[in-house]
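Now for the letters of each chain:
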Amino acid sequence: MREIDVNELEGLLAAEPIALIDVRGLDEWQTGHVPGAELIVMSTIPARVQDLPRNEEIFLICESGGRSAQVGLWLESQGFEAVNVVGGTGAWRTSGKPLAF
């Protein structure tokens, strides 16, 4: 699975729309998330797999990169092309990038 950091993510978001899925819980999401991300809680991914695009990369983010990496590995086993955001929302926040609420 390919991995990118938050600076690469910021550049991609500025260039074009991408499928960015935040797999954290609702309580974490409400404390701030990357603008443009869609919340699909990790535990609901198997039930929502039909909602994900099969013809483009899916960028995954959580708080630090661990849960999103797990989801990415599972999605790749299902035939998706997943990209993990290393450092996650925590790195995004720490770097001073804007959050949405």
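Residues numbered from 1 in each chain as written. Predicted model: local features only at pLDDT ≥ 70, side-chain atom pairs only at ≥ 80, totals over all residues. Heavy atoms only, no water.

(A) Local environment of the environment of Pro17. Within the secondary structure, Pro17 is located in the loop between helix H1 (6–15) and strand E2 (19–22). Taking the C-alpha atoms as reference, Pro17 lies 8.3 Å from Gly36; in sequence the two are 19 residues apart. (Helix = DSSP H or I, 4+ residues; strand = E, 2+ residues; numbered from the N terminus.)

(B) Structural context of the packing of aromatic side chains. With the rule as written, the count across this model stands at zero aromatic pairs. One residue, Arg54, lies across the ring of Phe80, its end atom 4.0 Å from the ring centre. Directly above the aromatic system of Trp92 lies the positively charged group of Lys97, at a separation of 5.9 Å from the ring centroid. (Phe/Tyr/Trp six-rings, centres within 6.5 Å; stacked < 30°, edge-to-face > 60°. Lys NZ or Arg CZ within 6 Å of the ring centre and 35° of its normal.)

(C) Focus on helix H4 (residues 66–77). Here H4 contains twelve residues, and its C-alpha end-to-end distance of 17 Å stays within 8% of the 16 Å for a straight helix at 1.5 Å per residue. Taken as a whole, H4 has its buried residues at Ser68, Ala69, Val71, Gly72 and Leu75. Taken end-on, H4 shows its buried residues confined to a sector of 165°, consistent with a single buried face. Opposite its buried face, H4 presents the exposed residues Leu73 and Ser77, each directed more than 90 degrees away. Tucked into the core, H4 has its buried residues touching helix H3 (45–48), strand E4 (58–61) and strand E5 (82–85). After H4 finishes, the residue Gly79 shows a positive phi value of roughly 95°. (Expected span 1.5 Å × (residues − 1). Buried < 20%, exposed > 50% of the residue type's maximum accessible area, 1.4 Å probe, protein only. Arc of directions from axis to C-beta. Contact = heavy atoms within 4.5 Å.)

(D) Quick look at the pairing of E5. Burial along E5 is two-sided: Ala82 and Asn84 facing one way and Val83 and Val85 facing the other are all buried. With three bridges joining them, strand E1 (residues 2–4) and E5 adopt parallel strand pairing. Note on E5: the bridge partner recorded for Arg2 is Val83. Where E4 meets E5, three bridges bridge the pair, whose relative direction is parallel. Bridge pairing in E5 places Phe59 opposite Val83. Each parallel crossover has a hand, and the one from E4 via H4 to E5 is right-handed. (Pairing = 2+ DSSP bridges. Right-handed = clockwise from strand over helix to strand, strands pointing away.)

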